[in-house]
Amino acid sequence: MKKVRKNKLNDFKKELLEIRKKLAGEVEKSRDYSHEEAEGDMSDITDDAVRTYSQQIILQLGEREREQIKEIDEALERIDNGEYGICVECGEEIPEKRLNLIPYAKWCITCKEKIEVRNKL
Ligand SMILES: [Zn+2]
């Protein structure tokens, strides 16, 4: 089975992180006061605090955005596991064209259509 090329993988990773940042950033922007808070002395904030902070941001996202971030996180995990670009349903390779459109896609088109039909029932 052909796997996504390594340098391409890094591109997808970068893109996934970008989308994730943008999604979280939308919430940041919608809260005016958050800027002043964030510009405080960040060096005092521990990793845990940062993690809690971003979890709070995620909680304020809409369901759709949260779902998307979850899928992005899962995709990033699959990149680390070397399973990126493989359909989680049938194990077939997801076409790179599809990954270019939706870098966090976890299903091939056939499975996605099947699952969408199933969800509509
Ligand atoms: Zn599939």
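Residues numbered from 1 in each chain as written. Predicted model: local features only at pLDDT ≥ 70, side-chain atom pairs only at ≥ 80, totals over all residues.

Looking now at the overall build of the chain. Along the chain, the regular secondary structure elements total six helices and zero strands. Its helices and strands in sequence order give the chain the pattern α-α-α-α-α-α, from N to C terminus. Classification of the 121 residues of the chain by burial places 9% in the buried group. (Helix = DSSP H or I, 4+ residues; strand = E, 2+ residues; numbered from the N terminus. Buried ≥ 20, exposed ≤ 12 C-beta atoms within 10 Å, placed from the backbone.)

Looking now at helix α4 (residues 63-81). One turn of an α-helix holds 3.6 residues; hence residues three or four places apart share an orientation. Between its terminal C-alpha atoms α4 stretches 27 Å, which fits the 27 Å expected from 19 residues at 1.5 Å a residue. Positive backbone phi, approximately 75°, marks Gly82, located one or two places after α4. (Expected span 1.5 Å × (residues − 1).)

Counting residues in hydrophobic clusters, the biggest one holds nine residues: Phe12, Leu16, Ile72, Ala75, Tyr84, Ile94, Leu99, Tyr104 and Cys108. Contributions of two or more residues to this core are made by α1 (6-30) and α4. Beyond its immediate stretch of four places on either side in the chain, Ile94 contacts Gly85, Ile86, Cys87, Leu99, Ala105 and Cys108. (Core = buried A, V, L, I, M, F, W, Y, C linked by C-beta atoms within 7 Å. Contact = placed C-beta atoms within 7 Å.)

In this model, the chain carries an average pLDDT of 82, and 73% of its residues clear a pLDDT of 70 or more. The spread of mean pLDDT over the elements of the chain runs between helix α2 (residues 34-38), the lowest at 49, and helix α5 (residues 96-101), the highest at 94. (pLDDT = per-residue confidence, 0-100.)

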